[in-house]
Amino acid sequence: MSGWRDMSARRFLDRLGGEVGMAAVLPVGVLAAVDQHSAAVRDILAYGAPTAAAVVLLAGYAKGVLDEAAAHGWSLPPVVEWPRADWTTLRLAAVCALARDADVPALEA
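Throughout what follows, the structure given in this document is the object of discussion. In this text, all values refer to a predicted model and were calculated from it rather than measured experimentally. (Residues numbered from 1 in each chain as written. Predicted model: local features only at pLDDT ≥ 70, side-chain atom pairs only at ≥ 80, totals over all residues. Heavy atoms only, no water.)

## Regarding helix α3 (residues 54-71)
Since one α-helical turn is 3.6 residues long, residues separated by three or four positions face the same way.
Here is step 1: Taking 1.5 Å per residue, 18 residues should reach 26 Å; α3 reaches 26 Å between its end C-alpha atoms and fits that length.
Here is step 2: For α3, the complete set of buried residues consists of Ala 54, Val 55, Leu 57, Leu 58, Ala 59, Tyr 61, Ala 62, Val 65 and Ala 69.
Here is step 3: Among the residues trailing α3, Gly 73 stands out with phi positive, at a value near 85°. (Helix = DSSP H or I, 4+ residues; strand = E, 2+ residues; numbered from the N terminus. Expected span 1.5 Å × (residues − 1). Buried < 20%, exposed > 50% of the residue type's maximum accessible area, 1.4 Å probe, protein only.)

Spelled out as structure tokens, the structure:
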């Protein structure tokens, strides 16, 4: 990882992962849903700009999801009840999961 954008993006995603509760042990059904969201996010980002740094793309995508959700009155609950997690929470969890694995300079299609 190089550059201030990568570091800023990594800090944002690390903070978001903490807020979403990614340190929790997720039930198998929730892990499957997060994996499906991860695949969708990976496809979206690979299609849009496959040569950009993965962590920067992920942070930008997460910020877009958060902005759109906030515009519709959504906010992250203080404690996520994973078995009842909504689409937005699962999508953000997927972004955070991908960010943990984003040590490569770019997402591969």
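## A word on the pattern of salt bridges
Here is step 1: Within this structure, the stated rule accounts for two salt bridges.
Here is step 2: Its salt-bridge partner being Arg 15, residue Glu 19 comes within 3.6 Å of it at the nearest N-O pair. Here the residue Glu 19 and the residue Arg 15 both occupy positions in helix α1 (residues 3-20), the gap between them amounting to four residues, near one helical turn.
Here is step 3: With a relative accessible area of 42%, Glu 19 lands in the partly exposed category. (Salt bridge = Lys/Arg side-chain N within 4 Å of Asp/Glu carboxyl O.)

## Considerations on the packing of aromatic side chains
Here is step 1: Going through the model one piece at a time under the given rule, you end up with zero aromatic pairs.
Here is step 2: Sitting over the face of the ring of Phe 12, Lys 63 holds its NZ or CZ atom 4.8 Å from the ring centroid. (Phe/Tyr/Trp six-rings, centres within 6.5 Å; stacked < 30°, edge-to-face > 60°. Lys NZ or Arg CZ within 6 Å of the ring centre and 35° of its normal.)

## Considering the environment of Val 56
Here is step 1: Relative to the assigned elements, Val 56 resides in helix α3.
Here is step 2: On a C-alpha basis, the gap between Val 56 and Phe 12 in space is 9.8 Å, while along the polypeptide they are 44 residues apart.

Treat this as a map of the structure, not an account of what it does.
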